[in-house]
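# Summary of structural features
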Amino acid sequence: NAGVTQTPKFQVLKTGQSMTLQCAQDMNHNSMYWYRQDPGMGLRLIYYSASEGTTDKGEVPNGYNVSRLNKREFSLRLESAAPSQTSVYFCASNVPSNQPQHFGDGTRLSIL
Amino acid sequence: AQTVTQSQPEMSVQEAETVTLSCTYDTSESNYYLFWYKQPPSRQMILVIRQEAYKQQNATENRFSVNFQKAAKSFSLKISDSQLGDTAMYFCAFMNGSGNTGKLIFGQGTTLQVKP
């Protein structure tokens, strides 16, 4: 079982470039999430999708857009990358309300 | 707004000994869930243990147990018989049980090193 799959695992961008991070889950979960992890700050929620067709902002949405393509896939787009967006990005999914989230292996993104 | 605080950035313990990681949270909700996640150097996020706020009994999973003090809003993780494979960053996380969004709020993390 693949669980939550993120691509790519590593990426280096130049300031101003655009990029889409892909996430797919095969657990038939309704809810999906994008987090960023920075040193000393834990994981912070960027956007989430409680169900197919809906998306909502999290704690740090500025500079990002998301698309819930279908129940399986939830992508995160950086339209014009900035050095402040250098981080490790995690996608997660769960059945909402009280179940633990399952995480992908993360994407390390560096913006020069 | 809910917040989660882990006041110990780094800790170390000798192999086979017991260590306790601290976590406090702030919320006005009565229905919520608390989690501990482990992140080894491989970067994976692995669920360690889960606690429902409405349950008074502390959750346990093999060598891992929690001390859930609801009134004090404290949720510490105890690791017994520490093993080298327990070396990782540990995150405490809060989930509001109302609103049906399933979002997690994480603490800053505690890096645990188990020494041989």
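Structure first, text after, so check above.
Reference entry: report on the structure contained in this document. (Residues numbered from 1 in each chain as written. Chains lettered and ligands numbered in written order. Predicted model: local features only at pLDDT ≥ 70, side-chain atom pairs only at ≥ 80, totals over all residues. Heavy atoms only, no water.)

## Regarding the overall build of chain A
Defined as follows: Working definition: helices are DSSP H or I runs of at least four residues, strands are E runs of at least two. Numbering for both runs from the N terminus. Only the C-alpha atoms count toward the radius of gyration. The rule for a globule is 2.2 Å times the residue count to the power 0.38. The cut-offs for exposure are 20% and 50% of the maximum accessible area for each residue type, with area from a 1.4 Å probe on protein chains only; residues under the lower value are buried, those over the upper are exposed, and the others partly exposed. Note on contacts: a residue pair qualifies if any of its non-hydrogen atoms lie within 4.5 Å across the two residues. Computed by Shrake-Rupley with a 1.4 Å probe, the accessible areas treat only the displayed protein chains as cover when residues are assessed.
Across its full length, chain A carries 0 helices and 11 strands. Listing each helix as α and each strand as β along chain A from the N terminus yields β-β-β-β-β-β-β-β-β-β-β. Relative to a compact globule of 112 residues, whose C-alpha radius of gyration would be 13 Å, chain A shows 13 Å and is just as compact. Viewed in the frame of its principal axes, chain A has a C-alpha envelope of about 35 × 25 × 25 Å. For chain A, the proportion of its 112 residues judged to be buried stands at 49%. Across chain A, the fraction of contacts at a sequence separation of at least 24, relative to all contacts at a separation of at least 6, is 54%. When the accessible area of chain A is evaluated, it comes to approximately 5100 Å², of which 48% is carbon and sulfur surface.

## Looking at the state of the cysteines
Residues and elements named next belong to chain B. Filter applied, for reference: Throughout, disulfides are identified as pairs of cysteine sulfur atoms within 2.5 Å of each other.
With the rule as written, the count across this model stands at 2 disulfides over all chains. C23 shares a disulfide with C92; S-S distance 2.0 Å. Taking the sign of the torsion about the S-S bond as the criterion, the disulfide between C23 and C92, at about -70°, is left-handed. On the criterion of sequence distance, the pair formed by C23 in the loop between β3 (19-21) and β4 (24-26) and C92 in strand β10 (residues 88-96) is long-range, its members being 69 residues apart.

## Considerations on the packing of aromatic side chains
We describe a pair of aromatic rings using the distance from one ring centre to the other and the angle between the two ring planes. Keep this limit in mind: Only Phe, Tyr and Trp rings are paired, with Trp represented by its six-membered ring, and only when their centres lie within 6.5 Å; those with planes under 30 degrees apart are stacked, over 60 edge-to-face, the remainder tilted. In this analysis the charged atom, NZ for Lys or CZ for Arg, is taken to sit over a ring once it is within 6 Å of the ring centre and within 35 degrees of the ring normal.
Using the criterion set out here, one finds 16 aromatic pairs over all chains in the structure. A centroid spacing of 6.3 Å and a plane angle of 80° characterise the contact between A:F90 and A:F103, whose relative ring orientation is edge-to-face. With A:F90 in strand β9 (residues 87-94) and A:F103 in strand β10 (residues 102-103), the pair connects residues that are 13 residues apart, well separated along the chain. Take A:F90 and A:F103: they sit in the same class, and that class is buried. For the ring pair B:F35 and B:Y37, a centre distance of 6.3 Å and an interplane angle of 40° mean the geometry is tilted. The same class applies to B:F35 and to B:Y37, which are both buried. Here the aromatic residues A:Y33, A:Y35, A:Y48, A:F90, A:F103, B:F35, B:Y37, B:F91 and B:F106 are joined through ring pairs into a cluster of three or more. In this structure, B:R43 packs its charged tip against the face of A:F10, placed 5.3 Å from the ring centre.

Remember that the coordinates give geometry; whether it matters functionally is a separate question.
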